[in-house]
Amino acid sequence: MARALVPIVAGIVAASFFTLPAWGAAVGVGVCILAARAARHRVTADICICSALFMAGWCAAEIRYDPPHIPEGEGLAEIAVDEIVARRDRAVTAEGRLVAFATDGDTLRHSRRIRISASPSLDLSAGDRLVALCRIKPYSRRSDDGYERYMARRGFAGQATIRPQNVMKRHTGKASFGSRMRARAVERIGCLGLPPETEALTRAVAVGDRSGITPEMRKRHSLAGTAHLLAVSGLHVGFVFAMVNLLLWWMPLLRRGHLLRCAAAVAAIWLYAATAGFSPSVTRAAVMFTVLQLSLGLSVRSDTMNSLAFTACIMFLFDARNLWDAGFLMSFAAVAAIIGWGIPLGLIGRRQEASAAEKHAAATRRGPARVARYAVRRLWSAAAISLAAAMGTMPLAALFFGSVSFWSIVTGPAAMLPSAVLLCAALVWSLAPLPVLAPVVARIITVSGGALEALTRWCASAGILSFEIEIDAAACVAVYAVFIAATLWLRRRGE
């Protein structure tokens, strides 16, 4: 599946520069498949299959990309609010859909994704529906402005600024299931009486609500290499996966218990993904851990890298805009680096250690040396995984954020335990908000959240391992090409 990923990505990239009707790309897919079936040589058939995948990526992009044209001038807009991104003193940033837009006697009716900037006095929430007089700034895939081009490739048609005096009608609609779950979890976390920064961190880590994260907190976590904790991703889904399997460890003792545990774990993973808003990184992680859980439940061995590539192919074909999502790309790069570099690096020396252990088994079986060796192995594995994840995401961090932090090598293992404790405690409280548990959960979250904040403050204030480096997309692709070539060369040398 890793080979199939390349032409699909190439097709999506081509669609961002050239226009082709979706039906034309779909016809191209059919023609290439027919040519592959009629080909008499394997090389010709492979070329036709690659062309079909290329056209499939192009077709997926054209289906998802919104037309860039929006009528110029001020008009009457009907806007549906889907998600609140951030709440600041001066403005609230949200994502939503432009349902209708009327200007100069013309009415446009089409559901297009837009960014919304509104006054805090409006107190927007997910599910709101507004009719307001506003001006919408359009985004284009071929704009000279890098930000506009990036937002258009993510599927946003433009940005609307809404002022309170221009709102003519407002209706509070019913939010989606995931939004209601998140709002309920946020409300219950707010009942614990946590300090403001700890509450904002808990909401972001547990359910992906980053509306309380201030720019200062965001910058501090970025400098400390822990910015990934503020966005629900594969790490958080992995915690849920591990927590459910640990809590239900006894179920395989029952008849068909392993299947019941498998079903319960998959249901919990997707319920958490819905609560987190089905962001690309969470959806990718949910698919990945679902495949892993099913392989464990059915006792089937799976190739982790192929499973990752298969997940990416499915997500790109379902929604090509994922290719331009920074969270998805960084999450995918981190997991791929851990699989390709972190795990093999963490296993270095195991064979030599095993042979030494066999010679001294009698002396060290229950002695302190065995405990020390076990601790060293775990620390080395954690450091190897953190180093791989940091190296795998550095080019993307330089591309999207213009900064690189080597602190992630240190903060990765150090932040693992407190973030896991904070997440699990918040989820348990959200599911079972019993008054008797409130003081205990609040204390656990306060201690673990305080440990995370102290770690990020110290690393950010030190600053010796954080650098401001900005690269363009071509340089980022070139760096990853070097990474892939070096990985393949080392694997061949190892064989």
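Predicted model only: the values in this text are computed from it and were never measured.

**Remarks on the overall build of the protein**
So, point 1. Along its length, the protein carries 18 helices and 9 strands.
So, point 2. Against the 2.2 N^0.38 benchmark of 23 Å for 495 residues, the protein shows a C-alpha radius of gyration of 25 Å, consistent with a compact globule.
So, point 3. By its C-alpha atoms, the protein is 90 × 70 × 55 Å across when sized along the principal axes.
So, point 4. Long-range pairs, those at least 24 residues apart, make up 73% of the contacts in the protein with a sequence separation of at least 6.
So, point 5. For the protein, the computed accessible surface area is about 26,200 Å², with 65% contributed by carbon and sulfur atoms.
So, point 6. Here the protein contributes 54 positively and 32 negatively charged side chains, and the mean placements of these two sets differ by 11 Å.

**Examining helix 17 (residues 438-462)**
Note on helix geometry: an α-helix contains 3.6 residues per turn, so any two residues three or four positions apart are oriented the same way.
So, point 1. Its 25 residues give helix 17 an end-to-end C-alpha distance of 36 Å, which sits within 8% of 36 Å, the value for a rise of 1.5 Å per residue.
So, point 2. Residues of helix 17 that are buried in the fold lie against helix 6 (196-207), helix 7 (215-224) and helix 16 (408-431).

**Section: the nonpolar core**
So, point 1. Ranked by size, the top nonpolar core spans 50 residues in total, and within it Leu192, Leu201, Val237, Tyr272, Leu423 and Ile445 carry the most contacts.
So, point 2. At the level of elements, helix 5 (177-190), helix 6, helix 7, helix 8 (234-247), helix 9 (257-275), helix 10 (280-297), helix 16 and helix 17 are the ones that each hand at least two residues to this core.
So, point 3. Here this core gets 8 residues from one element, more than from any other, and that element is helix 16.
So, point 4. Not counting the four nearest positions on each side in its chain, Leu192 is found in contact with Trp429, Ala438, Val441, Ala442 and Ile445.

**Thoughts on the side chain of Glu199**
So, point 1. Residue placement: Glu199 occurs in helix 6.
So, point 2. Contact partners of Glu199, with chain neighbours within four places excluded, come to Ile189, Gly190 and Leu194.

**Thoughts on the pairing of strand 7 (residues 167-172)**
So, point 1. With 0 of 6 residues buried, strand 7 lies mostly on the surface of the structure.
So, point 2. Across 5 bridges, strand 4 (residues 128-134) lies against strand 7 in antiparallel orientation. By the bridge assignment, Ala132 is partnered in strand 7 with Val167.

**Structural notes on the packing of aromatic side chains**
So, point 1. Tallying each qualifying case throughout the model produces 4 aromatic pairs.
So, point 2. When the centroid spacing of 5.1 Å and the interplanar angle of 40° are considered together, the rings of Phe241 and Phe289 count as tilted. Taken as a pair, Phe241 in helix 8 and Phe289 in helix 10 lie far apart in primary sequence, 48 residues in all.
So, point 3. Given a relative accessible area of 13%, Phe241 falls into the buried group.
So, point 4. Measuring from ring centre to ring centre gives 6.0 Å for Tyr480 and Phe483, while their planes differ by 90°; the resulting arrangement is edge-to-face. Pair noted here: Tyr480 and Phe483 are both in helix 18 (residues 473-494), with a separation of 3 residues, about one helical turn.
So, point 5. Among the aromatic side chains, those forming a connected cluster through ring pairs are Trp341, Tyr480 and Phe483.
So, point 6. The side chain of Arg115 reaches across the aromatic face of Phe156, ending 6.0 Å from its centre.

Each value, and the rule that gives it
Residues numbered from 1 in each chain as written. Predicted model: local features only at pLDDT ≥ 70, side-chain atom pairs only at ≥ 80, totals over all residues. Heavy atoms only, no water. Helix = DSSP H or I, 4+ residues; strand = E, 2+ residues; numbered from the N terminus. Rg over C-alpha atoms; globule rule 2.2 N^0.38 Å. Contact = heavy atoms within 4.5 Å. Areas by Shrake-Rupley, 256 points an atom, 1.4 Å probe, with all protein chains shown as cover. Lys, Arg positive; Asp, Glu negative; His and termini not counted. Charge placed at Lys NZ, Arg CZ, Asp CG, Glu CD. Expected span 1.5 Å × (residues − 1). Core = buried A, V, L, I, M, F, W, Y, C linked by side-chain atoms within 4.5 Å. Buried < 20%, exposed > 50% of the residue type's maximum accessible area, 1.4 Å probe, protein only. Pairing = 2+ DSSP bridges. Phe/Tyr/Trp six-rings, centres within 6.5 Å; stacked < 30°, edge-to-face > 60°. Lys NZ or Arg CZ within 6 Å of the ring centre and 35° of its normal.

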